[in-house]
Amino acid sequence: DAKTTQPTSMDCAEGRAANLPCNHSTISGNEYVYWYRQIHSQGPQYIIHGLKNNETNEMASLIITEDRKSSTLILPHATLRDTAVYYCIVRGTSGSRLTFGEGTQLTVNP
Amino acid sequence: GAVVSQHPSWVICKSGTSVKIECRSLDFQATTMFWYRQFPKQSLMLMATSNEGSKATYEQGVEKDKFLINHASLTLSTLTVTSAHPEDSSFYICSADQGSGEAFFGQGTRLTVV
């Protein structure tokens, strides 16, 4: 599985957009970019995933660069409940393993 | 999203006893389930991949005789921690693939061995 690099921590003001970067320079052509988040003492929550096109759902938007070596997760209007550790994961086909890195601790401040 | 349920949410057991943790996919069938362990202030570490009807595949360093995994049906996988010791105290989490590319996680089981 390709390795990902994320900042250790980020802060964001409530109501503002949170932009979480991820580098995955060794991603291969058939690997997807997944984002999960984990709120303290809970199981990870699926956010979004994509292959090469930008994706949007009710939770977030995923912007993948044209060379696919990096991506950005965007929470358009962060709330206090979005405070969590966000994991960027590169994964092959469905059913293949999800390998977690250290993630980014996002803290949304009032 | 799809629902994956773990039971129990927390358990305290005596050293030397065994503990079984259940992972169920409530509204979909999961050919593959995964078991993770998470220590405080650390990331999730994959322990094993559980495939319905076949033996689990364990990650390097994970003792298969200590962490018994059974995936007898498309909606249930179990993890049994045998002869538990205090160092096995951890947060155990399962996940299941819906088949559309998304893996959903259970709420986790906090195991404390005393």
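Structural data are supplied above this passage.
Residues numbered from 1 in each chain as written. Chains lettered and ligands numbered in written order. Predicted model: local features only at pLDDT ≥ 70, side-chain atom pairs only at ≥ 80, totals over all residues. Heavy atoms only, no water.

Notes on the nonpolar core
Core analysis: the biggest nonpolar cluster contains 42 residues, and Tyr36, Leu98 and Phe100 of chain A together with Tyr36, Phe105 and Leu111 of chain B have the highest contact counts within it. The biggest single contributor to this core is strand 9 (residues 90-97) of chain B, with 5 residues. Formed by 21 residues, the second largest nonpolar core is a distinct cluster that contains Leu20, Cys22, Leu62 and Ile64 of chain A. (Core = buried A, V, L, I, M, F, W, Y, C linked by side-chain atoms within 4.5 Å. Buried < 20%, exposed > 50% of the residue type's maximum accessible area, 1.4 Å probe, protein only. Helix = DSSP H or I, 4+ residues; strand = E, 2+ residues; numbered from the N terminus.)

Details of the sheet that holds strand 7 (residues 67-73) of chain B
Residue and element names in this part refer to chain B. Read from one edge of the open sheet, 4 strands run 1-3-8-7, paired in antiparallel fashion. Sheet topology places strand 1 (4-7) and strand 7 at the edges, where each strand pairs with a single neighbour. Averaged over all neighbouring strand pairs, the angle between strand axes comes to 15°, with direction disregarded. Of the pairings in the sheet, the one linking strand 1 to strand 3 (residues 19-25) comprises 4 bridges and is antiparallel in character. Each residue of the ladder has a partner; that of histidine 7, found in strand 3, is glutamate 22. (Pairing = 2+ DSSP bridges. Axes fitted to C-alpha atoms, helices over the stretch in contact; angles between N-to-C directions.)

A closer look at the interface of chain A and chain B
Each side of the interface is counted separately: chain A has 19 residues, and chain B has 21 residues. On the surface where chain A and chain B come into contact, there are 2 salt bridges. Here aspartate 97 of chain B makes a salt bridge to arginine 91 of chain A, at a shortest N to O gap of 2.7 Å. Seen at the junction of chain A and chain B, the total is 7 residue pairs in polar contact (both at pLDDT 80 or more). (Contact = heavy atoms within 4.5 Å. Salt bridge = Lys/Arg side-chain N within 4 Å of Asp/Glu carboxyl O. Polar contact = N/O pair within 3.5 Å; in protein donor to acceptor, adjacent residues only side chain to side chain.)

A few points about the sheet that holds strand 1 (residues 9-13) of chain A
All names here are of chain A. One open sheet holds the 5 strands; their spatial order is 1-9-8-3-4, and the pairing between them is mixed. Looking at the sheet topology across the chains shown, the edges are occupied by strand 1 and strand 4 (45-50). Neighbour to neighbour, the strand axes of the sheet diverge by 25° on average, direction disregarded. Taken together, the 5 bridges between strand 3 (residues 32-38) and strand 4 define a ladder with antiparallel strand orientation. Within strand 4, the position partnered with valine 33 by the bridge is glycine 50.

Focus on the environment of valine 4 of chain B
Residue and element names in this part refer to chain B. Inspection of the secondary structure puts valine 4 in strand 1. Separated by 99 residues in the primary sequence, valine 4 and alanine 103 place their C-alpha atoms 9.6 Å from one another. If near-sequence neighbours (up to four positions away) are discounted, valine 4 is found in contact with Cys23, Arg24, Ser25, Phe28, Cys94, Ala96, Phe104, Phe105, Gly106 and Gln107.

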